[in-house]
Amino acid sequence: MRALIQHQFGNPTEVLTVEDVDTPEPGPGEVRVRMLASAIHNHDLWTVSGDYGFKPEMPAAAGTEAVGVVDALGEGVDGLQVGQRVASAGTFGVWSELFVAKAATLIPVSDAIPDEVATQLVSMPFSAISLLESLDLNEGDWLVLNAANGAVGRLVAQLAKGRGVNVVGLVRREAGVAELADQGIGRIVATDADGWQDRVRELTGGAPLRAGVDQVGGRAAGDMLELLGDDSTLVVFGAMDSPKLELSSGPIIFKHVTIRGFWGSRVSATMAAQDRTRLMGELFARLSDGTITLPVDSTFPLENIADAVAAHYTPGRVGKVLLRP
């Protein structure tokens, strides 16, 4: 079969190539899946470059989330059948024609959900709702997040609305305000305008911001810290601009701000089964009623991975970039 393989860490446009490899066989409790579509996430590319918390041994496959069709069942697998459509997240090596996953991690997908949505169904949406859940916000509370036009930013805003939590989103460019408005997401502030902090305070009506989610790093994290209220929480979720945080000690000391990280993989691995079921139920409900949307920017075959990575990093991209076999 064909698969994207890397032999060293580096720029994904340079180190990932399509190779012919042996078709994997499912072991006990495993399922072989024929890939139909796979979303490209930041953490996938950070893994390829060697900048993520998980570092595979070389040579390595790539990709972690896909939708596909069950191709073969390993010993002892019940509840799934050959030909059934399933979604997989957290299975490493899905950027290939076929991949093997633990049967317990696969989610059956309704025929009513298209491939383009199903391949995004778990990783980013579940990270977004888990992040929102971890903030312990009440109805009427205020939250601020940056990179609001990214996948997690959009999803948090959409899911928070269903919980009655108010969100102010920050974007780097004024054009991002209109892009999100087209998706029904308001209270967006562009940080390239003078006095943007005053605009944030105007939107909240002076209400305290109980939590901030930083996905950018660098000075952006410090700017967010300045906005937060007393006894608030700053959650570090990403580092799109810089792995270092430029934070002043004053707001941390005098406002009693708590600063902590959030890694979706770790949270998911330790979450109680009943909580996972409850949150997945909320996700499916919000998807069904149109509260959350999962747009697609573009789709590329595996052999055009360099073009797909370039599209992923294009400024102003609205939806996910997908791969197909």
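Residues numbered from 1 in each chain as written. Predicted model: local features only at pLDDT ≥ 70, side-chain atom pairs only at ≥ 80, totals over all residues. Heavy atoms only, no water.

**A word on the packing of helix H4 (residues 123-134) against helix H5 (residues 151-163)**
Stage number 1. One can describe the packing of H4 onto H5 by two numbers: an axis separation of 9 Å at closest approach and a directional angle of 55 degrees. Considered as vectors, H4 and H5 are oriented oblique to each other. Here the hand of the crossing between H4 and H5 comes out right-handed. The segment H4 lies against H5, with Met124, Pro125, Ala128, Ile129, Leu131, Leu132 and Glu133 engaging Ala151, Val152, Leu155, Val156, Leu159, Ala160 and Arg163.
Stage number 2. Of the residues contributing to the contact of H4 with H5, the split by class is 12 nonpolar, no polar and 2 charged. (Axes fitted to C-alpha atoms, helices over the stretch in contact; angles between N-to-C directions. Helix = DSSP H or I, 4+ residues; strand = E, 2+ residues; numbered from the N terminus. Parallel < 35°, antiparallel > 145°, perpendicular 65-115°, else oblique. Left-handed = near helix turned anticlockwise from the far one by under 90°. Contact = heavy atoms within 4.5 Å. Nonpolar A, V, L, I, M, F, W, Y, C, P; charged D, E, K, R; others polar.)

**Regarding the pairing of strand E9 (residues 166-171)**
Stage number 1. By the criterion of burial, E9 is predominantly enclosed, with 6 of the 6 residues buried.
Stage number 2. On E9, burial covers both faces: Asn166, Val168 and Leu170 on one face and Val167, Gly169 and Val171 on the other are all buried.
Stage number 3. Note that strand E8 (residues 142-145) and E9 share 4 bridges and pair parallel. The partner of tryptophan 142 across the bridge, within E9, is asparagine 166.
Stage number 4. In this fold, E8 hands off to H5, which returns the chain to E9; that crossover is right-handed.
Stage number 5. Relative to strand E10 (residues 188-190), E9 runs parallel, the two sharing 3 bridges. Looking at the pairing, glycine 169 lines up with isoleucine 188 of E10. (Buried < 20%, exposed > 50% of the residue type's maximum accessible area, 1.4 Å probe, protein only. Pairing = 2+ DSSP bridges. Right-handed = clockwise from strand over helix to strand, strands pointing away.)

**Comments concerning the environment of isoleucine 129**
Stage number 1. Positionally, isoleucine 129 belongs in helix H4.
Stage number 2. Judged by relative accessible area, isoleucine 129 falls into the buried class, the value being 0%.
Stage number 3. Each C-alpha atom, one on isoleucine 129 and one on methionine 280, is 8.7 Å from the other, the two residues being 151 residues apart in sequence.
Stage number 4. Every residue in contact with isoleucine 129, bar those within four places of it in the chain, is listed here: Leu159, Arg163, Leu279, Glu282 and Leu283.

**A word on unusual backbone geometry**
Stage number 1. Across the junction of methionine 58 and proline 59, the peptide omega takes the value -10 degrees, indicating a cis bond.
Stage number 2. Summarising the element assignment, proline 59 is placed in the loop between helix H2 (42-49) and strand E4 (65-73).
Stage number 3. The backbone of arginine 187 shows a phi angle near 55 degrees, a positive value even though the residue is not glycine.
Stage number 4. Summarising the element assignment, arginine 187 is placed in the loop between helix H6 (174-181) and E10.
Stage number 5. Positive phi values are uncommon outside glycine, yet aspartate 231 reaches one of about 55 degrees.
Stage number 6. Assignment of secondary structure puts aspartate 231 in the loop between helix H8 (219-227) and strand E12 (233-236).

**Quick look at the pairing of strand E15 (residues 320-324)**
Stage number 1. Of all 5 residues in E15, 4 are buried; the element is thus mostly enclosed.
Stage number 2. The pairing of strand E3 (residues 30-39) with E15 spans 2 bridges and is antiparallel. Note that in E15 the partner of serine 38 across the bridge is leucine 323.

**A closer look at the nonpolar core**
One recurring pattern in soluble globular proteins: nonpolar side chains tend to sit buried together.
Stage number 1. Counting residues in each nonpolar core, the largest one holds 48 residues, and the members touching the most others are Phe126, Leu131, Leu143 and Val156.
Stage number 2. Per-element tally for this core: the top contributor is H5, with 7 residues.
Stage number 3. Judged by nonpolar contacts, the second largest core, of 29 residues, contains Leu4, Ile40, Val48 and Val309. (Core = buried A, V, L, I, M, F, W, Y, C linked by side-chain atoms within 4.5 Å.)

**Focus: the sheet that holds E8**
Stage number 1. Strand order in this open sheet of 6 strands is E10-E9-E8-E11-E12-E13, and the pairing throughout is parallel. The strands lining the two open edges of the sheet, one partner per strand, are E10 and strand E13 (258-261). Strand-to-strand, the axes of this sheet are offset by a mean angle of 20 degrees, without reference to chain direction.

**Let's talk about H8**
Stage number 1. When we look at burial in H8, the residues that qualify are Ala221, Gly222, Met224, Leu225 and Leu227.
Stage number 2. Packing partners of the buried residues in H8 comprise E8, E9, helix H7 (196-204), strand E11 (209-214), E12 and helix H9 (249-254).

**Structural notes on the packing of aromatic side chains**
Each aromatic ring pair is summarised here by two numbers: the centre-to-centre distance and the angle between the ring planes.
Stage number 1. Inspection of every chain in the model, using the stated rule, returns 4 aromatic pairs.
Stage number 2. Each ring, one from tryptophan 46 and one from tyrosine 52, has its centre 6.4 Å from the other, and the planes form 35 degrees; the classification is tilted.
Stage number 3. Looking at tryptophan 46, the relative accessible area reads 25%, which means it is partly exposed.
Stage number 4. Its relative accessible area of 18% is what places tyrosine 52 among the buried residues.
Stage number 5. Feature note: the residues Trp46, Tyr52 and Trp263 constitute an aromatic cluster, connected by ring pairs. (Phe/Tyr/Trp six-rings, centres within 6.5 Å; stacked < 30°, edge-to-face > 60°.)

**What about the environment of lysine 244?**
Stage number 1. Position of lysine 244 among the secondary structure elements: in the loop between E12 and H9.
Stage number 2. Residues lysine 244 and arginine 219, spaced 25 residues apart in sequence, show a C-alpha to C-alpha distance of 8.8 Å.

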